[in-house]
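# Structural overview
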Amino acid sequence: MDCKKNNVLSPEEMDRQFEYIKRIKKENDIYARERGKRRRAFVMTFGCQQNEADSEKISGMAEAMGYELTAEPAGASLIVVNTCAIREHAEQKALSVIGQYKHIKSKDPETIIAVCGCMVTQEHRVNEIKHSYPYVDFVFGTSSIHRLPELIIQRTESRRRIYCPEEADYLVAEGIPIKRNDGVRAWVSVMYGCNNFCSYCIVPYVRGRERSRTREAVFSEVEELVKKGYKDITLLGQNVNSYGKDSGYDYDFADLLAMLDTIEGDYMLHFMTSHPKDATHKLIDTMAAGRHIAKHFHLPMQAGSDEVLRVMNRRYTFEKYIAILDYITEKMPGAVITSDIMVGFPGETEEDFEDTLRALERAQFDMIYSFIYSPRRGTPACNMENQISDAVKSERFNRLLETQNAISLAKNKPLEHKTVRVLCDGRSKNNPDVFSGRTEGNKIVFFDGDDSDTGKFLDIFIERGDTFALYGKKVK
Ligand code: SAH
Ligand code: SF4
Ligand code: F3S
């Protein structure tokens, strides 16, 4: 037995939920027979890929309960809003959407409106929903997703609003049905939670402690996805580099990757996110030797100043970070490296910020996700006195973008007149006349194509490399 610490939710608890699923399905089937149409469910998702993955479980359960999934909230019998708390803006967006559902409830009081996810895993937001959004039927946190069927039954039977407490022990729920949004790319969570407590970040408070799935559970999910024809599988965790440590497994993330790489088929494996403090040579060597492991590393640096990194509690220095980058490029020349960078962290001086700009020049990232620091209630950074003004934050943000945009352009230019392998996602959402796809390094490519290309790996001749995308033609 690999698992030294049993962190999996008991099968009896999952069976209990499946009983509720059956009961609701029976009821929904009767409704469909009588009315000639199915009750519909709408799931709205904010936040990161972890939340996307959770929403696919919510949709999977909704479908198993006999709801038909819909892309429109109007007319839905079940509405679930899966929220994010990473920045104030994310919370405000979710609250505004929840606000818009008031009229749906007043039109049809039978509509069930539920709010879940990171935002409502905070007590002050639960209270806000309780008092200011009286039409929300129930609220459940990130550890209680599997309890959705039970909550629907409780709500319909008791007519009382429910505020589902967080499960004390944050267990891994295996076996929840999943309704995937895409037929080509899939998310697979390998671990949940975070133990790192970076001083600005809400995630450890709303996602609980790290718990890893067993490699057997991950392997069988990935194997099934490859069999079904999925071409790009992204392994998810807040810090995949600490995979296995929480549960005392005698294998780590590199071992897991190597094991998954043995699955035969035409597919790519991506993973995110890696924390630099735990990125090992073993992991990089495993990637370099892999057959299916994309040579793409997303390694959030956050800042270039050691003092800022220290106060952020990131537990690495810029020098240590660069040493990892150098090892990646030594072992995998041409690997695509992307990062997360934050500006305006409390106490960030102009000099600190310039360290970040210099760090960008040194690191030469292909692309970054850039963030303006947003104080999160309950985190240490929120109470620091030396908060940066909005004006300075936005001025630094613009300079950050300017610096990185020039680097991204310089990284994309040399791809002109080269042929790259691209996984085709189908017609571009913004311009259905062109097709879009992504390279192994996740760069967006626009090209001519046809509908039969969707889900296929194609060779694209790049004609133009721009800051945010590549443009090319299919090699016939
Ligand atoms: N676990 C990942 C990050 C997940 S959150 C890691 O440690 O790398 C994604 C990004 O959101 C972070 O990398 C950080 O740059 C940003 N972020 C987190 N908290 C934030 C906050 N309070 N304000 C602004 N950006 C934040
Ligand atoms: Fe947040 Fe840090 Fe954990 Fe990432 S590693 S989720 S930034 S606390
Ligand atoms: Fe993700 Fe937002 Fe939660 S980034 S982990 S959904 S706070």
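Conventions used here
Residues numbered from 1 in each chain as written. Chains lettered and ligands numbered in written order. Predicted model: local features only at pLDDT ≥ 70, side-chain atom pairs only at ≥ 80, totals over all residues. Heavy atoms only, no water. Buried < 20%, exposed > 50% of the residue type's maximum accessible area, 1.4 Å probe, protein only. Helix = DSSP H or I, 4+ residues; strand = E, 2+ residues; numbered from the N terminus. Arc of directions from axis to C-beta. Contact = heavy atoms within 4.5 Å. Domains from an automatic or database assignment. Buried area = accessible area lost by both parts, 1.4 Å probe. Near = heavy atom within 4 Å. Nonpolar A, V, L, I, M, F, W, Y, C, P; charged D, E, K, R; others polar. Pairing = 2+ DSSP bridges. Salt bridge = Lys/Arg side-chain N within 4 Å of Asp/Glu carboxyl O. Axes fitted to C-alpha atoms, helices over the stretch in contact; angles between N-to-C directions. 1 Å grid on protein atoms, 1.4 Å probe; cavity = no way out; pocket = protein on both sides within 12 Å on 5 of 7 lines; lining within 4 Å. Points joined across faces, edges and corners; volume = space filled by probe spheres on them. Parallel < 35°, antiparallel > 145°, perpendicular 65-115°, else oblique. Left-handed = near helix turned anticlockwise from the far one by under 90°.

### What about helix H10 (residues 281–289)?
- Residues of H10 that are buried: Leu283, Ile284, Thr286 and Met287. One face of H10 carries all of its buried residues, which in axial projection span an arc of 160°.
- Elements that come into contact with the buried residues of H10 comprise helix H9 (253–260), strand S11 (268–272), strand S12 (296–298) and helix H12 (318–331).

### A short note on the domain arrangement of the protein chain
- Its domain assignment divides the protein chain into domain 1 (11–163), domain 2 (185–414) and domain 3 (416–474).
- Relative to domain 2, the C-alpha centre of domain 1 lies at a distance of 31 Å.
- The interface is formed by 19 residues belonging to domain 1 together with 18 residues belonging to domain 2.
- Summed over both partners, the interface of domain 1 with domain 2 buries about 1,700 Å², with 51% contributed by carbon and sulfur atoms.
- It is Gln49, Gln50 and Arg87 that lose the most area in domain 1 upon contact with domain 2, and together they represent 36% of the buried surface on that side.

### A closer look at the site of ligand 2
- Near ligand 2 you find Cys194, Asn196, Phe197, Cys198, Tyr200, Cys201, Val203, Pro204, Gln238, His275 and Arg314, and these make up its full shell.
- In terms of residue class, the shell around ligand 2 is made up of 7 nonpolar, 3 polar and 1 charged.

### Considering the site of ligand 3
- If you check the shell around ligand 3, you find Gly47, Cys48, Asn51, Cys84, Ala85, Ile86, Cys118, Arg207 and Gln238 and nothing else.
- The residue makeup of the shell around ligand 3, split by class, is 5 nonpolar, 3 polar and 1 charged.

### Description of the pairing of strand S18 (residues 457–465)
- In this structure, strand S15 (residues 419–427) lies alongside S18, joined through 5 bridges in antiparallel fashion. Looking at S18, one finds that Leu423 is bridged to Phe457.
- In the sheet, S18 pairs with strand S19 (residues 470–474) via 5 bridges, with the strands oriented antiparallel. Bridging from a neighbouring strand, Gly465 pairs with Leu470 of S19.
- Here S18 hands over to S19 after 4 residues, the two strands then running antiparallel side by side.

### A closer look at the pattern of salt bridges
- For the coordinates displayed, the defined rule picks out 47 salt bridges.
- One salt bridge in this structure joins Asp448 and Lys476, with 3.6 Å as the shortest N-O distance. Of the two residues, Asp448 sits in the loop between strand S17 (444–447) and S18 while Lys476 sits in the segment after S19, which places them 28 residues apart along the sequence.
- By relative accessible area, which is 80% here, Lys476 ends up exposed.

### What to know about the sheet that holds strand S14 (residues 367–372)
- Strands sit in the order S12-S13-S14 across an open sheet of 3 strands; the sheet is parallel. Looking at strand neighbours, the two that pair on one side only are S12 and S14, the edges of this open sheet. Between one strand axis and the next, the sheet turns by 15° as a mean value, whatever way the strands run.
- Pairing analysis gives 3 bridges linking S12 to strand S13 (residues 336–343), with the strands arranged parallel. The residue bridging His296 from the neighbouring strand is Val336, located in S13.

### Focus on empty space enclosed by the protein
- Considering all chains together, one arrives at 1 cavity of 30 Å³ or more under this definition.
- Roughly 190 Å³ of volume is contained in the largest cavity.
- Lining the largest cavity are 16 residues; nearest its centre among them are Thr142, Ile145, Leu171, Ala173 and Tyr192.
- Tallied by class, residues from the lining of the largest cavity come to 7 nonpolar, 5 polar and 4 charged.
- Counting contributing residues per domain, the lining of the largest cavity is built from domain 1 (11–163) and domain 2 (185–414), each supplying no fewer than three.

### Structural notes on the packing of H12 against helix H13 (residues 350–363)
- Running from N to C, H12 and H13 cross one another at 15°; their axes reach a closest spacing of 11 Å. Put simply, H12 runs roughly parallel to H13. Along this stretch, H12 crosses H13, giving a crossing that reads as right-handed. Facing H12, whose interface residues are Phe318, Ile322, Leu325 and Asp326, H13 presents Ala359, Arg362 and Ala363.
- For the contact of H12 with H13, the class distribution of residues is 5 nonpolar, no polar and 2 charged.

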